[in-house]
Amino acid sequence: MVQNHSLAHQAALEIMREAVTILLQEKYNSDNSDQQIKAVIEESKRLLTFQQDAKIKPLRLLFDRVNITREADREKSQTNTKQQTDEVKHYWEIDKVNSEKSDNSEKSEFCPPVPYPNTQKPSNIEEYKNQLKAEIKLEGKDWENLSLLSLIVEKYGSFISFGEEDIAFCDRIRSTAALAAALANNSEAKELNLVAGDLSGIQNFIYTISSDGALKSLRARSFYLELVTEEIVQQLLEKLELPRTSVIYAGGGNIYILASGEKTVVDKVKDIQNMFNEWLFEQFQGKVFLALDAIAFNTEEIQDSRLSDVWQKVPQRLAKQKQQKFYNIWEKLLERNQSFNPPCKVCHRDDIEKLKPLSDKSDTEACGICCTMYNLGDKLLKVNTVI
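Residues numbered from 1 in each chain as written. Predicted model: local features only at pLDDT ≥ 70, side-chain atom pairs only at ≥ 80, totals over all residues. Heavy atoms only, no water.

Quick look at unusual backbone geometry
Peptide bonds are trans in most cases, and residues, glycine excluded, mostly fall at negative phi.
Then comes step 1: With an omega of 10°, the peptide bond between N341 and P342 qualifies as cis.
Then comes step 2: Counting through the fold element by element, P342 comes out in the loop between α12 (330–333) and β8 (356–359).
Then comes step 3: For Q285, which is not a glycine, the phi torsion comes out positive at approximately 55°.
Then comes step 4: Positionally, Q285 belongs in the loop between α10 (264–284) and β7 (289–298). (Helix = DSSP H or I, 4+ residues; strand = E, 2+ residues; numbered from the N terminus.)

Structure, rendered in structure tokens:
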């Protein structure tokens, strides 16, 4: 697991502590007197234009910023800016993320309500603040639990703003925590790294199967790749000594993590990529490949539109790797492998000498991976929680 005593973890923890105190409208007397951590937090707030006098407010819909007015009509619309602004204001209802079962659900699965924004500005902000005070009860050790504090910020801060009206409180806090963790070892760092990853070959891995046990296999293979993505994330966080708050996005085979600009980041990322690709090649005959890279950028770029240029570099860098899959283990690619008959009746691979029945109730012969996937897909139907 990630070291809880690393500077990155402590920096993120301080940000989350402060965020929870804002929600509860109370002060937490932190015993952290580390001047380096304080400098990191101040620099992170400066870069992300963290308003010192900001207050909790209703959250506006981000899509209000979208303007698809035709060029011919744009000049006309700009002459009536106030009227246009009044017409496009939409707000989210102030509420927590619902984690309770639906009263109307006969089954035990989680059925949260679907929230929709409306044009009326919510007026229950003070009532919501009082609700937070009543529901959130933290003891001394709870303030040391970064996962718990992050959960509170996400659950209670997803439908309110802090500073800019159309940026959710939880998004602003997580961004600040990620930046603070990246700057933890050097608050004056001139560069940061965006670690980006993409699992290539997902469609081929999931859908290139026969009809035998297809539904269960599809369900399991999709879930299995999510687990692979999660394991890659955990390995990166541990290697780079970063907290979970540094993960910008992880899902669907895509990974984005904000890391420090230290030169060692590139080597560590490359080591993890090589380790996983060797495993993926052995397990799936090269059908799945991990493209992973660290894109360096100037720290000051994180506070303006220049950051979009960094994001545009990601697909270009990863696409180049996808065109050179497994180049570092090309000897294995050229090895002569024996084929066996019959091949697996599910995925059609022919390098397995002894096949097994897909299940106790099936005569379909399959490889060990496909048998595992079939059994996993059967169990996933009855799963309520994944840990």
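A short note on empty space enclosed by the protein
Then comes step 1: Counted according to the given criterion, the structure contains one cavity of 30 Å³ or more.
Then comes step 2: In this structure, the largest cavity occupies an estimated 70 Å³ of space.
Then comes step 3: Looking at the largest cavity, the residues that line it are F205, R221, Q283, F284, Q285, K287, C347, R349, C367, I369 and C370.
Then comes step 4: Secondary-structure elements contributing two or more residues to the lining of the largest cavity are α10 and α13 (368–380).
Then comes step 5: Its residues assigned to classes, the lining of the largest cavity comprises six nonpolar, two polar and three charged. (1 Å grid on protein atoms, 1.4 Å probe; cavity = no way out; pocket = protein on both sides within 12 Å on 5 of 7 lines; lining within 4 Å. Points joined across faces, edges and corners; volume = space filled by probe spheres on them. Nonpolar A, V, L, I, M, F, W, Y, C, P; charged D, E, K, R; others polar.)

As for the pairing of strand β9 (residues 362–366)
When a strand is regular, its side chains alternate between the sheet's two faces.
Then comes step 1: Here β9 shows one buried face, formed by S362, T364 and A366, and one open face, formed by D363 and E365.
Then comes step 2: A loop of two residues connects β8 with β9, the two strands running antiparallel in sequence. (Buried < 20%, exposed > 50% of the residue type's maximum accessible area, 1.4 Å probe, protein only. Pairing = 2+ DSSP bridges.)

Topic: the sheet that holds strand β6 (residues 254–260)
Strands in a sheet are paired, the pairing made by backbone hydrogen bonds, and the direction either parallel or antiparallel.
Then comes step 1: The strand order β5-β6-β4-β7 describes an open sheet built from four strands, whose pairing is antiparallel. Strands with a single pairing partner mark the edges of an open sheet, and in this sheet they are β5 (247–251) and β7. On average, each strand axis in the sheet is tilted by 20° relative to the strand beside it, whichever way the strands run.
Then comes step 2: By the bridge criterion, seven bridges tie strand β4 (residues 191–200) to β6 in an arrangement that is antiparallel. Bridge pairing links D198 to N254 in β6.
Then comes step 3: Where helix α7 (residues 169–182) meets the sheet, its contacts fall on β4, β5 and β6, and the angle it forms with β6 comes to roughly 55°.
Then comes step 4: Here helix α11 (residues 307–322) sits on the sheet in contact with β4, β5, β6 and β7, set at roughly 145° to β7. (Axes fitted to C-alpha atoms, helices over the stretch in contact; angles between N-to-C directions. Contact = heavy atoms within 4.5 Å.)

Quick notes on the pattern of salt bridges
Then comes step 1: Enumeration according to the criterion identifies 18 salt bridges in this entry.
Then comes step 2: In this structure, R65 engages E164 in a salt bridge whose closest nitrogen and oxygen atoms are separated by 3.0 Å. Remark: E164 occurs in strand β3 (residues 164–168) and R65 occurs in the loop between β1 (56–58) and α3 (71–78); sequence separation between them is 99 residues.
Then comes step 3: Overall, E164 belongs to the partly exposed group, its relative accessible area being 32%.
Then comes step 4: Here K129 makes a salt bridge to E126, at a shortest N to O gap of 3.5 Å. Linking K129 with E126, this pair stays in helix α5 (residues 125–135), spanning three residues, or about one helical turn.
Then comes step 5: Using a relative accessible area of 13% as the deciding quantity, one classes K129 as buried.
Then comes step 6: On the accessibility criterion, E126 (47% relative accessible area) is partly exposed. (Salt bridge = Lys/Arg side-chain N within 4 Å of Asp/Glu carboxyl O.)

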